[in-house]
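Below, each chain spelled out in residue letters.
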Amino acid sequence: MLNIDSLTVACGNRIVLEDLTMTIPPGEILAVVGPNGVGKSTLVRALSGVQPSLRGQVILDGRDLTRLSPMQRARLMAVVPQARELPGAYTVYQTVMLGRTPYLGWLGNAGRSDHTAVHQAMEQTHTLDLAERCVGELSGGEQQRVLLARALAQDALVLLLDEPTTHLDLQHQSNLLNLVRKLAQEKNLTVLMVLHDLNLASLYADQVALMVAGRIHAIGQPSEVLTSENLTSVYHVPVIVIPHPEYGKPLILPDGLVGAASKKLQAGIVPKVDV
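In what follows, the accompanying structure is described. (Residues numbered from 1 in each chain as written. Predicted model: local features only at pLDDT ≥ 70, side-chain atom pairs only at ≥ 80, totals over all residues. Heavy atoms only, no water.)

Turning our eyes to something else, we now look at helix α5 (residues 140-153). Each α-helix turn comprises 3.6 residues. Residues three or four places apart therefore point the same way. Between its first and last C-alpha, α5 extends 20 Å over 14 residues, near the 20 Å set by a 1.5 Å rise per residue. Among the 14 residues of α5, 12 are classified as buried, and the element is accordingly described as predominantly covered. Among all positions of α5, only Gly141, Glu142, Gln143, Gln144, Val146, Leu147, Leu148, Ala149, Arg150, Ala151, Leu152 and Ala153 are buried. Buried-residue contacts for α5 involve β6 (77-80), α3 (92-97), α4 (112-124), β7 (158-162) and α6 (170-187). One or two residues past the end of α5 sits Asp155, with phi positive at roughly 55°. (Helix = DSSP H or I, 4+ residues; strand = E, 2+ residues; numbered from the N terminus. Expected span 1.5 Å × (residues − 1). Buried < 20%, exposed > 50% of the residue type's maximum accessible area, 1.4 Å probe, protein only. Contact = heavy atoms within 4.5 Å.)

Okay, here's the thing in structure tokens:
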């Protein structure tokens, strides 16, 4: 269980995140959404220890992560970053092995358990067939799976993903998020995922946290948070939210498209995602 209590982060004299409180049970996905510049990526950096917090606690199974060393925290929390900061000349196998860094010790020699962890992570992310290819040769979708494999190789309890679907086409978005959800359930991972696409958050998240100006505007199940009132207030554009005809989850549409969209929905013409 990951408990974030009154987390506050400052950049210079400016408060970027203020009194953020949320709880994510193991096996569940919490999607963090909101306009640009509200602090979503800062939250990921603060949780991972890259950016220090001003006050507050991040408690995982009774341990305050803010008091741990970077190496200790890396054994408990893994990050799939927003930018593809992958070493282009490394092979995929070498890149995924970087996820074992918290366990390698001073000499950096990988043992049998490290190779086993890397093999399992690559098997789970369907990247074994890419093992000897250089990362710089891969497509965006392949690179994103490699980043996920690297994070899984850390064998951490918490997985943080910062806009993992950016620059991916619809097929790769669906494949990646289905994989994350499957791994969360099978490995009992606690997952916090920053997303821009509200409909992806609606389909794949167990909880949604809607942020504005460094604070939580609303948090709860997608149907409780992704309402037309909340979204219109936060994004300052009129939207309408209707039940998805296939899955029953909130389907968010710009208000100007409602008339045309309603006709398509009534005719049964609606994008279907493998969820």
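This brings us to the nonpolar core. Ranked by size, the top nonpolar core spans 52 residues in total, and within it Val92, Val96, Leu148, Leu159, Leu161 and Val191 carry the most contacts. Take this core: its biggest share by element is seven residues, from α5. Excluding its chain neighbours within four sequence positions, the residues that come into contact with Val92 are Met122, Thr127, Leu130, Ala131, Arg133, Val135, Leu138 and Val146. (Core = buried A, V, L, I, M, F, W, Y, C linked by side-chain atoms within 4.5 Å.)

One open sheet holds the four strands; their spatial order is β2-β1-β4-β5, and the pairing between them is antiparallel. Two strands bound the open sheet, and with one partner strand each, they are β2 (14-24) and β5 (63-64). Here strand β1 (residues 2-11) pairs with strand β4 (residues 55-60) via five bridges, running antiparallel. When the sheet's bridge partners are listed, Asn3 is paired in β4 with Ile59. Against the sheet, helix α1 (residues 40-48) makes contact with β1, β2 and β4, and its axis sits at roughly 110° relative to β1, the strand it touches most. (Pairing = 2+ DSSP bridges. Axes fitted to C-alpha atoms, helices over the stretch in contact; angles between N-to-C directions.)

Quick look at the sheet that holds β6 now. With mixed pairing, the six strands of this open sheet are ordered in space as β6-β7-β8-β3-β9-β10. Unpaired on one side and paired on the other, β6 and β10 (215-220) mark the two borders of the sheet. In this sheet, adjacent strand axes meet at a mean angle of 20° when their direction is disregarded. Relative to strand β9 (residues 207-212), strand β3 (residues 29-33) runs parallel, the two sharing four bridges. Residue pairing in the sheet places Val33 in a bridge with Leu210 of β9. Contacts from α5 reach β6 and β7 within the one sheet, and its direction differs from that of β6 by about 170°.

Once that is clear, we can look at the side chain of Asp162. Positionally, Asp162 belongs in strand β7. Separated by 3.0 Å, the side chains of Asp162 and Ser41 make a polar contact. (Polar contact = N/O pair within 3.5 Å; in protein donor to acceptor, adjacent residues only side chain to side chain.)

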